[in-house]
Amino acid sequence: MHYDVIVIGAGSMGMAAGYFLSQSGKKTLLLDAFNPPHDKGSHHGETRIIRYAYGEGVEYVPLALRARDLWQELAQQTGKEIFLQTGVINVGDKNIPFIKNVIKSAEKFDLPLEVMTATEVNEKWEGMQLPDNYLGCFEPTSGVLRVESCIEAYRELAINAGATIRTNSRVIKVDPQTDKVTIYTEDGAIFTADSVIISAGAWAGEILKQLDLKLPLNPIRKTFAWYDVDEKYYNQNDFPAFTFELAESIYYGFPSIDGAGLKVGRHDGGDNINPDEDKLAFGDVVGDVENLNGFLDEFMPREHELKFGKTCMYTMTPDEDFIIDVHPKHNNIAIAAGFSGHGFKFASAVGEVLSDLITKGFTDLDITPFSIKRFSNVGKI
Ligand SMILES: Cc1cc2nc3c(=O)[nH]c(=O)nc-3n(C[C@H](O)[C@H](O)[C@H](O)COP(=O)(O)OP(=O)(O)OC[C@H]3O[C@@H](n4cnc5c(N)ncnc54)[C@H](O)[C@@H]3O)c2cc1C
């Protein structure tokens, strides 16, 4: 039961890493507590926005562009519909850092971006109603990833390339020794590997504590919902995916895809949770429904009726930047965690980076903004 590499957590990042590792000829084992794609972690709910002119920071753009190319390759290799080019509009006051960064990213990397006044936005999309002080930054080449299809596609390709996936197999102990790492699962199996990737999403913090790494990873409960709307205004061919950076809150959403309805979520806020405990269902926390209704009433006021909502988890870092690095004391353990509610679009590129860190010891992409070193209390458990 010895492998070249074991991936702990075969979700968004881990499944992609498993694909790249198996492609490179590594004998790879993927262990997951559930059967991915599944709805227990952070990767369910049909859709994820992918955008390249990045409001969270210009430093993300090369990773986003590499991810775009790899998603395209994945679609070609599998014949699956992975990406829908709906375009994405980022809305907000022109003076906020997010909007400034979107414009700066587009300028620096020569990305197509239409910067539109509120009036222009309201004329182009009759389903929107922006007040005068907002800008709309429309990126026509961006759009939507079909999240479960992405994970299924990497799973199929990884298995075809020789990877082993063991589902419903929760890792309970990780024991690094000088020449190998021993992994113990809840159902009594024991495996060893030369190297390990820890990509356990909301559970990563608990596993990393066993390796003397106390990282500031904070799982939170998130909600999102679908609304019945007039398809004439909000269908996927005529309406973009969107982010709204408001004075006190942040919302995002998707056009009605395959007639499923307009999908909306609130990005900021959310209650701390233990990922092992049942989450309160959508609608059970004050604000779940009211916030989304309030957002739509104000900015997309045409008739809308709530169909249903769901819950999911973000794993936040204090600066909302990712953690992609090798363990400070064990250079055969790579870590991908803390994707802070905006990681999925990068999963293809993060998978490649993790595989490179293990197989080559370096990556061509700049991952210094995602280093563990930026947290001062690391290692003090
Ligand atoms: C509602 C919502 C909307 C979002 N919207 C966007 C968006 O529009 N665009 C975007 O880019 N991102 C978005 N995100 C964020 C993105 O989905 C996450 O950042 C990303 O999925 C995190 O990937 P992950 O691999 O860290 O976690 P996951 O995909 O959850 O994978 C972790 C895996 O580890 C497994 N695991 C955990 N513990 C163990 C263990 N002990 N042993 C074995 N396996 C284990 C889990 O079962 C799981 O499969 C959104 C997230 C949510 C919740």
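Note: the structure precedes this text.
Predicted model only: the values in this text are computed from it and were never measured. (Residues numbered from 1 in each chain as written. Predicted model: local features only at pLDDT ≥ 70, side-chain atom pairs only at ≥ 80, totals over all residues. Heavy atoms only, no water.)

## Comments concerning the overall build of the protein
- In terms of helices and strands, the protein carries 9 helices and 19 strands.
- In terms of overall dimensions, the protein has C-alpha extents of about 65 × 45 × 45 Å along its principal axes.
- Considering the protein as a whole, with its 381 residues, one finds that 56% of them fall into the buried category.
- Of the contacts formed within the protein by residues at least 6 apart in sequence, a portion of 74% connects residues at least 24 apart. (Helix = DSSP H or I, 4+ residues; strand = E, 2+ residues; numbered from the N terminus. Buried < 20%, exposed > 50% of the residue type's maximum accessible area, 1.4 Å probe, protein only. Contact = heavy atoms within 4.5 Å.)

## Some words on the packing of aromatic side chains
- Considering all chains together, one arrives at 29 aromatic pairs under this definition.
- Aromatic pair tyrosine 19 and tyrosine 154: ring centres 5.2 Å apart, planes at 35°, arrangement tilted. With tyrosine 19 in helix H1 (residues 12-23) and tyrosine 154 in helix H5 (residues 147-160), this residue pair connects regions lying 135 residues apart in the sequence. The two residues tyrosine 19 and tyrosine 154 agree in class, both being buried.
- Taken together through their ring pairs, the aromatic side chains of Tyr134, Tyr233, Tyr234, Phe239, Phe242, Phe244, Tyr251, Phe295 and Phe299 make up a single cluster. (Phe/Tyr/Trp six-rings, centres within 6.5 Å; stacked < 30°, edge-to-face > 60°.)

## Observations concerning the sheet that holds strand S4 (residues 83-84)
- Pairing is antiparallel in the open sheet, where 3 strands are placed in the order S3-S8-S4. Only two strands of the sheet have a single neighbouring strand rather than two, namely strand S3 (47-50) and S4.
- When S3 meets strand S8 (residues 143-146), the two strands line up antiparallel, connected through 4 bridges. Bridging across to S8, threonine 47 finds its partner in arginine 146.
- Lying on the sheet, H5 is in contact with S3 and S8; it crosses S8 at an angle near 50°. (Pairing = 2+ DSSP bridges. Axes fitted to C-alpha atoms, helices over the stretch in contact; angles between N-to-C directions.)

## A short note on the pairing of strand S11 (residues 181-185)
- For S11, the buried fraction is high: 4 of the 5 residues fall into the buried class.
- Two strands pair when backbone bridges link them, and strand S10 (residues 171-176) and S11 are joined in this way by 5 bridges, in the antiparallel orientation. Pairing of valine 174 across the sheet is with isoleucine 183, part of S11.
- Turn length for the S10-S11 hairpin, with the two strands adjacent in sequence and antiparallel, is 4 residues.

## Considering the pattern of salt bridges
- Across all of its chains, the model carries 16 salt bridges by this definition.
- When the shortest N-O distance is used, the salt bridge between aspartate 187 and arginine 166 registers 3.3 Å. Taken together, the positions of aspartate 187 in the loop between S11 and strand S12 (190-198) and arginine 166 in strand S9 (residues 164-166) put the pair 21 residues apart, joining distant regions of the chain.
- On the basis of relative accessibility, which here comes to 47%, the residue aspartate 187 falls in the partly exposed class.
- Judged by its relative accessible area of 28%, arginine 166 is partly exposed.
- The network of salt bridges with shared partners includes Glu81, Arg146 and Asp258. (Salt bridge = Lys/Arg side-chain N within 4 Å of Asp/Glu carboxyl O.)

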